[in-house]
Amino acid sequence: MTTEYLALIRHGSYINGQWHSSDSVFSVLDKATNAQISVVANAQPAQMCAAIDAANNALPIWSTHSGAQRSQLLSNWHTLITEHREALAQLLTREQGKPLAEARAEIDYGAGYIKWFAAEAERICGDVMEGVNANQSMQVVKKPVGVVGAITPWNFPNAMITRKAAAALAAGCTFVVKPAADTPLSALALAALAHQAGIPQGVLNVVVGTDAQSMGRELTQSPKVAKLSFTGSTKVGQLLIKDCAATVKRVSMELGGNAPFIVFDDADIEAALEGAMQAKFRNAGQTCVCANRFLVQAGIADAFVAALRDKVATLSQGNGIDNVDLGPLISQQAAANVHALVEDAVQKGARRHTDTTWNNSAFYPPVILSDISTDMHIMHQEIFGPVVALSTFDTEEQAICMANATEYGLAAYFYTRNYARMQRVANALQFGMLGMNQAVISNPAAPFGGVKHSGYGREGSKYGLDDYLSLQYRCIGTH
Ligand SMILES: NC(=O)c1ccc[n+]([C@@H]2O[C@H](COP(=O)([O-])OP(=O)(O)OC[C@H]3O[C@@H](n4cnc5c(N)ncnc54)[C@H](O)[C@@H]3O)[C@@H](O)[C@H]2O)c1
Ligand SMILES: O=C[C@H](O)CS(=O)(=O)O
């Protein structure tokens, strides 16, 4: 298997159907062992420029492909990804750290977006309408926006690319992506399989390197790039939005989150506990939709914490390539950031319910804290680690107010068996996605995205193509 996943890697950027070397290289490390997996050519801004030119030159060819032809090529890509699922998953686990079972699930999830948009490519429809007078008819035609630039994060190095690329290519756009320097190999493996699938040169380009700022600037400032699709932190998203203003680009922003996980005293507690484990510990807490703030009704809080502690105690932690529940965080520094949030909370009065200690490595142990208050940083920042931060509430109104008290608005979760309460709370929560007695909510058929500082635009679902299409209105004189 090792040879297979290594065979998927090409050691440089994929531009215009060719693999590019560079004057310098950077190492990609196994996140569990810190051993070097591979070295990769470190792209320079000029190579990002070349990728943008390649995508621009490929536009006429690609947009003359019919929807059915684009669909077939996307289906070929999907088939190859599925055939190489295990090799892709092992590669992903090594460069990102997540347990192999989660990596396999991510490959399936990412491939699911390609399958979804292969079908959508054949369903791009406009409108034909009667004119407002006898000698007139009107048409609305959907057209690809053009060259799409994308910048993606390290926490889902496969699915965050396919979630964008599949929609862009289905719409008839061409695509240039800069993945995170921590996890370039999954992106390059996707490029290798896209090449094998017959996706024409220049249609999909992957530019890997460590100089994110310079390469990002090429994307935001090039007049040839019609749209920028970003997934990452809100802080970086805000910078990119500003930088795209000069060329009036369309932007999609999938940004940070601060998800509340509300448990009412009329909830199915066992279901809520299972949901809490799913919503908190996936990818060791490093997902944008992870439960970040647990809000539990006061009367059941002690029992909930005790039962959750018992479940957390069963979690295994270690090298993701083994059969563990929690892998390492993306870096030792990431673990230190999580620890700083825990220490701040404890110093300000939070109560610790786990006797784990951090050994200063990238492996951060699961922690449960209660008595969290609003003066603690952990209440307001993405934890991005396996830490439960729990507060209590008395009334439904208080729970809603606490849940909405954040600048973020990506995902929120709540558990109740009272139908009227379910409707009231759903209507009151200011988030793009709700898990109602459900903790795993992401799938290709769903419109994934947020509001407020979690961004805008939707990925997946029947709405997912809208971000890559523009409308042309045609008023036709029939005299
Ligand atoms: N909403 C979503 O769908 C979603 C999905 C995954 C991750 N995220 C968010 O992403 C963050 C974690 O990922 P991360 O640490 O990679 O985020 P990040 O914002 O630090 O980096 C994301 C990408 O942006 C690039 N980048 C960083 N600074 C840049 C700059 N100045 N100019 C251009 N590009 C730049 C990085 O190289 C990376 O490719 C969290 O906030 C998480 O919530 C959101
Ligand atoms: O971290 C962000 C991802 O979008 C999470 S999910 O896999 O889409 O739920």
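Residues numbered from 1 in each chain as written. Chains lettered and ligands numbered in written order. Predicted model: local features only at pLDDT ≥ 70, side-chain atom pairs only at ≥ 80, totals over all residues. Heavy atoms only, no water.

As recorded in an unreviewed UniProt entry, the protein chain goes by the name NADP-dependent succinate-semialdehyde dehydrogenase, listed as coming from Aliiglaciecola litoralis. For the record of the protein chain, the UniProt heading Sequence similarities (unreviewed entry) holds the text "Belongs to the aldehyde dehydrogenase family." (UniProt positions renumbered as here; feature names shortened; annotations may be inferred.)

Glancing now at the site of ligand 2. What surrounds ligand 2 is the set Tyr109, Asn155, Phe156, Met160, Arg163, Arg282, Thr287, Cys288, Val289, Ser442 and Phe448. Serine 442 has a polar side-chain atom sitting 2.6 Å from an oxygen atom of ligand 2. When isolated, ligand 2 has an accessible area of 280 Å², and the protein chains bury 99% of it. Here the shell around ligand 2 spans two domains, since at least three of its residues come from each of domain 1 (4-255 + 454-475) and domain 2 (259-443). (Near = heavy atom within 4 Å. Polar contact = N/O pair within 3.5 Å; in protein donor to acceptor, adjacent residues only side chain to side chain. Areas by Shrake-Rupley, 256 points an atom, 1.4 Å probe, with all protein chains shown as cover. Domains from an automatic or database assignment.)

Another point: the nonpolar core. Counting residues in hydrophobic clusters, the biggest one holds 120 residues, and the most contacted among them are Trp77, Leu204 and Ile378. The element that contributes the greatest number of residues to this core is helix α6 (residues 159-171), accounting for 10 residues. Two domains each put at least three residues into this core: domain 1 (4-255 + 454-475) and domain 2 (259-443). What leucine 204 contacts, discounting residues up to four positions off in sequence, is Tyr14, Trp77, Ala165, Leu169, Phe175, Ala191 and Ala194. One finds Ile151, Phe230, Leu240 and Val251 within the second-largest nonpolar core, a separate group that totals 22 residues. (Core = buried A, V, L, I, M, F, W, Y, C linked by side-chain atoms within 4.5 Å. Buried < 20%, exposed > 50% of the residue type's maximum accessible area, 1.4 Å probe, protein only. Helix = DSSP H or I, 4+ residues; strand = E, 2+ residues; numbered from the N terminus. Contact = heavy atoms within 4.5 Å.)

Now for the sheet that holds strand β20 (residues 469-477). Judged by pairing direction, the sheet is antiparallel, and its 3 strands sit side by side in the order β5-β6-β20 without closing on themselves. Because the sheet does not close on itself, it has two edges, and the strands there are β5 (127-130) and β20. Across the sheet, the mean angle from the axis of one strand to that of its neighbour is 20°, orientation sign disregarded. Note: strand β6 (residues 136-144) against β20, 9 bridges, orientation antiparallel. Considered in β20, the bridge of valine 140 is made with tyrosine 473. (Pairing = 2+ DSSP bridges. Axes fitted to C-alpha atoms, helices over the stretch in contact; angles between N-to-C directions.)

The next subject is the packing of aromatic side chains. For the structure shown, the criterion picks out 8 aromatic pairs. For the pair tyrosine 14 and tryptophan 19, a centre-to-centre distance of 4.8 Å together with 45° between the ring planes defines the contact as tilted. Assessed through its relative accessible area of 30%, tryptophan 19 is described here as partly exposed. Aromatic rings pair up to connect Phe261, Phe294, Tyr413 and Tyr415 into one cluster. The lysine or arginine in question, arginine 163, covers the ring of phenylalanine 448, its NZ or CZ lying 3.9 Å from the ring centre. (Phe/Tyr/Trp six-rings, centres within 6.5 Å; stacked < 30°, edge-to-face > 60°. Lys NZ or Arg CZ within 6 Å of the ring centre and 35° of its normal.)

Right, let's talk about the UniProt feature "domain: Aldehyde dehydrogenase" (unreviewed entry) in the protein chain for a bit. The positions that UniProt labels "domain: Aldehyde dehydrogenase" (unreviewed entry) are, in the present scheme, residues 21-471. The span residues 21-471 shows a helical share of 40% and a strand share of 20%, and its end C-alpha atoms are spaced 39 Å apart.

Turning next to helix α13 (residues 396-404). Because the α-helix completes a turn every 3.6 residues, residues three or four places apart line up on one side. Regarding α13, the residues found buried are Glu396, Ala399, Ile400, Met402, Ala403 and Asn404. Its buried side turned inward, α13 meets β12 (259-263), β13 (291-297), β16 (387-393) and α14 (419-428).

Along the chain, proline 365 turns up in the loop between β14 (351-352) and β15 (367-370). We classify proline 365 as buried; its relative accessible area is 8%. Each residue touching proline 365, except ones within four places of it in the same chain, is listed here: Gln317, Thr356, Thr357, Trp358 and Pro386.

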